[in-house]
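# Working through the structure, step by step
Below, each chain spelled out in residue letters.
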Amino acid sequence: MVDSSRPDDGVDMGDWGRIDVLPVRDETPLTPHLGEVLLGVRQEWEPTTGHVALELDFPSGSVRCESWSGDLRVLTVDRPAGPITPML
């Protein structure tokens, strides 16, 4: 379930850098799904480029989380959701 909460203090990963968790100033693609149950997920991984993506399916639509060159992109999926992989 998508939930709204205060950001934590982040994580120091030593030589790999630091992950800072900051408050969201505006709506995000996950905002419309607050309180909804996660129905399923789809994962993509490209071994050549290292591109990683995860699509989250909710009753009212889907959200795609991607990694490109170390940046996280969170996008609304405008197409109909594909087959849902049940979560165990």
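Scope of this entry: the structure provided in the associated data block. The shown structure was predicted, so the numbers you read here are calculated from the model rather than taken from an experiment.

All right, on to the sheet that holds strand S3 (residues 40-45) then. As summarised here, the arrangement of the 4 strands in space is S3-S4-S5-S6, forming an open sheet in which the pairing is antiparallel. Two strands lie at the open edges of the sheet, namely S3 and strand S6 (71-77), each paired on one side alone. Taking each pair of neighbouring strands and ignoring which way they run, the sheet shows an average axis angle of 15°. Bridge count between strand S5 (residues 61-68) and S6: 7 bridges; the pairing is antiparallel. Following the sheet pairing, Val 63 is matched in S6 by Thr 76.

Looking now at the environment of Ser 67. On the secondary structure map, Ser 67 appears in strand S5. By relative accessible area, which is 30% here, Ser 67 ends up partly exposed. Non-local contacts of Ser 67, meaning those with residues more than four positions away in its chain, are made with His 51 and Val 52.

Let's shift gears to a nonpolar patch on the surface. A cluster of nonpolar side chains, namely Val 11, Met 13, Trp 16, Ile 19 and Val 21, defines an oily patch on the protein surface of about 520 Å² accessible area. Looking at where Val 21 falls in the secondary structure, it is placed in the loop between strand S2 (18-19) and S3.

Looking at where Val 63 falls in the secondary structure, it is placed in strand S5. Taking the C-alpha atoms as reference, Val 63 lies 5.4 Å from Val 77; in sequence the two are 14 residues apart. Contacts of Val 63, omitting those with residues within four sequence positions, involve Pro 29, Leu 30, His 33, Leu 54, Glu 55, Leu 56, Phe 58, Val 74, Leu 75 and Val 77.

Conventions used here
- Residues take numbers from 1 onward in each chain, read along the sequence in its written order.
- Reporting of local features is limited, given that this is a predicted model, to residues whose pLDDT is at least 70; pairs of side-chain atoms are given and counted only at 80 or more, and all residues count toward the totals for whole chains, interfaces and linings.
- The side-chain quantities take in all heavy atoms of the structure and omit both hydrogens and water.
- The criterion for strand pairing is that DSSP finds at least two bridges linking the strands in question.
- Counting from the N terminus, the helices are DSSP H or I runs at least four residues long and the strands are E runs at least two residues long.
- To obtain an axis, a line is fitted to C-alpha atoms, over the contacting stretch when the element is a helix, and the angle between two such axes runs from 0 to 180 degrees between their N-to-C directions.
- For the exposure calls, accessible area comes from a 1.4 Å probe over protein chains only, and a residue counts as buried if that area is under 20% of its type's maximum, exposed if over 50%, partly exposed in between.
- Contacts: residue pairs with any heavy atoms within 4.5 Å of one another.
- A patch is a set of surface residues, each over 30% in relative accessible area and not in a salt bridge, joined within 9 Å for like charges and within 5 Å for the nonpolar side chains Val, Leu, Ile, Met, Phe, Trp and Tyr.
- For the accessible areas, the method is Shrake-Rupley and the probe is 1.4 Å, while residue cover comes only from the protein chains on display.
- Salt bridges are defined as contacts in which a side-chain nitrogen from Lys or Arg sits within 4 Å of a carboxyl oxygen from Asp or Glu.

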